Each structure stands twice: as C-alpha cells, then as structure tokens.
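Spelled out, the chains give:
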Amino acid sequence: MLRPRQKIGKYRILGRIASGPLADVYRAHDAIQNLKVALKIPKPDVYAEDDALLHEVRVATRLQHPNILSVLNASYIDDHFVIAMELGEESLADRIERRTSTASKLDLAGQALAALAHAHENRIIHCDIKPENFILFPGNQLKLADFGFAKISLRTLKASGSGTIDYIAPEQAMGKPSLRSDVFAIGLVLWRMFSGRLPELPFEWPLAGYDKLRARVRPELVRILQKAIQLDPKKRYADA
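Here the residue index of a chain counts from 1 through its sequence in written order. Local features in this predicted model are restricted to residues whose pLDDT is 70 or higher, and side-chain atom pairs enter the listing and the counts only when it is 80 or higher, whereas totals over whole chains, interfaces and linings include all residues. Side-chain measures here rest on the full set of heavy atoms in the structure, leaving out hydrogens and waters.

Caption draft 1: Main features of the packing of helix H3 (residues 102-121) against helix H5 (residues 179-195). Throughout, an axis means a line fitted to C-alpha atoms (over the contacting stretch in the case of helices), and angles, computed between N-to-C directions, take values from 0 to 180 degrees. Numbering of helices and strands runs from the N terminus, with a helix taken as a DSSP run of H or I at least four residues long and a strand as a DSSP run of E at least two residues long. Contact geometry for H3 and H5: axes closest at 11 Å, N-to-C directions at 170°. Taken as axis vectors, H3 and H5 run roughly antiparallel relative to one another. Contacts between H3 and H5 involve Thr 102, Lys 105, Leu 106, Leu 108, Ala 109, Ala 112, Leu 113, Leu 116 and His 120 from the former and Leu 179, Asp 182, Val 183, Ile 186, Leu 190, Met 193 and Phe 194 from the latter. Three categories are distinguished: nonpolar for Ala, Val, Leu, Ile, Met, Phe, Trp, Tyr, Cys and Pro, charged for Asp, Glu, Lys and Arg, and polar for the others, with Gly belonging to the last. Tallied by class, the residues present in the contact of H3 with H5 amount to 12 nonpolar, 2 polar and 2 charged. Between 65 and 115 degrees an angle is taken as roughly perpendicular, under 35 as roughly parallel, over 145 as roughly antiparallel, and anywhere else as oblique. Residues count as neighbours in contact if any of their non-hydrogen atoms are within 4.5 Å of one another.

Here it is in structure tokens:
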C-alpha cells in the first residue's frame, strides 16, 4: 500500500480512496499538469492480474461518453502499472445513503442508463454494475467506472462469475453473462436508490422496499424496474 506524500512518477499520493480485490485506488496530485487525479494501482501480490487492468484501460478508452469515466493516462511507473483517471467527489453508494430528492434521483438514473446503454451499443457487458462503480462529479454529473470485469458480447460467450454478489444476475453467477445481466444489476441499483432497500435472492414478491418505491415514483417506473430484475433473463429488457 502506498503512503500519503509518497511519490510515484509525477504523482504525489494524497490518500487511499478504496481497496478492491485486484487494486487500490488513491487520490493523487499530478505535479506536471497541476491537477488532482484518481490512481488505480494493482496490489503487490496480484501482478498476474495486469492483463485485467490492461483490458480495463482498453475498454474504457474505446467508450467515449460524458457519463463514462475517462482514463487520462496508463503506464508502468517504478514497476507499478498505474491508471490515472478523473477524480470525482463521491460514489453513488455514498450519495444514496443521504436524503436526495426524487427529481435528482431520476436525473442520476437517466445518466446511469445512458452510460450503460452506450457500453451495450458497443457490445460491451460491464459485469460489475453496482453503486460503488458510479462516480459523481460537480453539477450532479454521474460517470460509470471500473470496466475490469467487462466482457465483449459474442454470439457464444463463456466467462467467469465475476461481479459483486449483491447485484449479480443468476446466469452471470453461473458464468454466462449477457447484456441482460447488466440490465438485472442496474435494475437492482435503481430499485435501491428509489426505495432505500436492496432485495435479496431468492425474490419473493412484493420485494423489500416495494411500498416506498410505489409511493415515490410513477407506476410506469415501478413496472420498468420489475421487468429489469426478472430472474429469467428472457423476461428482461434486451439491453440498457
């Protein structure tokens, strides 16, 4: 783990933001461009996973969209593979823990769906949609991040069950992700955002938070979310 004030290339570490299974994310200062950035750096014992981070960079670079987090730079520095990204203010996971107006939530939902729809238009399955992977910027701008588990959608696709268990679709847990798996995950993210509750498998209707959801949004949105989180992928929307 890197320490505050430690230097790595042109970057000075300011503090750690998050820690995942493959990498740590740090807040840092770029001394040359004089701006603050987020640095994603593999943990010392997972160098074998560099290919996954290279894949993440290439996927994110391919997806140019105002609601997808930009990679500013990626290179090897002092034997570390370093990804420099835009630095946001907080994650959607942080935001939904606070009181937020329904109008603001609808705006964020629209941005989240726009980002995922752009990925799906490019036949990319994110595979790890969760509130922690949506980053908020000034002006309530939302950006989708972390394409480390992303898969390219093919007619036949075999993959691991990578993802976050709370939001993972049943077929993805069995190693068969599809665009519909991302639909399931974003459906659960939005259900939690609007209702304050995250349903748990196995689903029993009415789901946790259903009454609050129905009281806060129009019936059309409730039906959209219900369709998005059907256990049978064929009953969901085909893509975001």
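Caption draft 2: How the structure looks around the pairing of strand S3 (residues 23-30). With 7 of its 8 residues buried, S3 lies for the most part within the structure. Two strands are said to pair when DSSP picks up at least two bridges between them. In the sheet, strand S2 (residues 11-19) pairs with S3 via 7 bridges, with the strands oriented antiparallel. Looking at S3, one finds that Arg 16 is bridged to Tyr 26. In sequence, S2 turns back onto S3 through a hairpin of 3 residues. Pairing geometry for S3 and strand S4 (residues 35-42), over 8 bridges, is antiparallel. Counted as the bridge partner of His 29 is Lys 36 from S4. Counting the residues in the hairpin turn of S3 and S4 gives 4 residues, including Asn 34, whose phi is positive at 55°. Under the scheme applied here, a residue whose accessible area is under 20% of the maximum for its type counts as buried, over 50% as exposed, and between as partly exposed, the area being computed with a 1.4 Å probe on protein chains only.

Caption draft 3: Structural detail: the sheet that holds strand S9 (residues 134-137). If you trace the 3 strands from one edge of the open sheet to the other, you get S7-S9-S10, paired in antiparallel fashion. A strand with exactly one partner marks an edge of an open sheet, and here the two such strands are strand S7 (90-91) and strand S10 (141-144). Running over the sheet, H3 touches S9 and S10 and is turned about 30° from S10.

Caption draft 4: Molecular detail of the layout of surface pockets. Buried and open spaces are told apart on a 1 Å grid over the protein atoms alone, a cavity being a set of points where a 1.4 Å probe fits but cannot get out and a pocket being an open set with protein on both sides within 12 Å along at least five of seven lines. Residues with an atom within 4 Å of a point are the lining residues. Grid points are joined across faces, edges and corners, and a volume is the space filled by probe spheres set on the points. Considered as a void within the structure, the largest pocket measures approximately 780 Å³ in volume. As for the largest pocket, its lining consists of 34 residues, of which Ala 18, Val 25, Glu 132, Asn 133 and Asp 146 are closest to the centre. Counting only elements with at least two residues in the lining of the largest pocket, the list comes to S2, S3, S4, helix H1 (50-62), strand S6 (80-86) and S7. Along the lines of polarity and charge, the residues of the lining of the largest pocket split into 14 nonpolar, 8 polar and 12 charged. Grouping the amino acids of the lining of the second largest pocket by side-chain chemistry returns 3 nonpolar, 2 polar and 7 charged.

Caption draft 5: Spotlight on the nonpolar core. Only buried residues count toward a nonpolar core. Its members are Ala, Val, Leu, Ile, Met, Phe, Trp, Tyr and Cys residues joined through side-chain atoms within 4.5 Å. Within the largest apolar cluster, 39 residues are counted, with the highest numbers of intra-cluster contacts made by Leu 92, Ile 129, Phe 134, Phe 147, Ile 186, Met 193 and Phe 194. Looking at this core, the elements with two or more residues in it are H3, S9, S10, H5, helix H6 (210-216) and helix H7 (219-228). For this core, the leading source of residues is H5, giving 9 residues. Contacts of Leu 92, omitting those with residues within four sequence positions, involve Leu 108, Pro 131, Phe 134, Leu 136, Leu 142, Val 189 and Met 193. Counting 12 residues, the second-largest nonpolar core is a separate cluster that includes Tyr 11, Tyr 26, Val 37 and Val 82.

Caption draft 6: The arrangement of the side chain of His 118 in detail. Mapped onto the elements, His 118 comes out in helix H3. What His 118 contacts, discounting residues up to four positions off in sequence, is Leu 63, Gln 64, His 65 and Ile 68.

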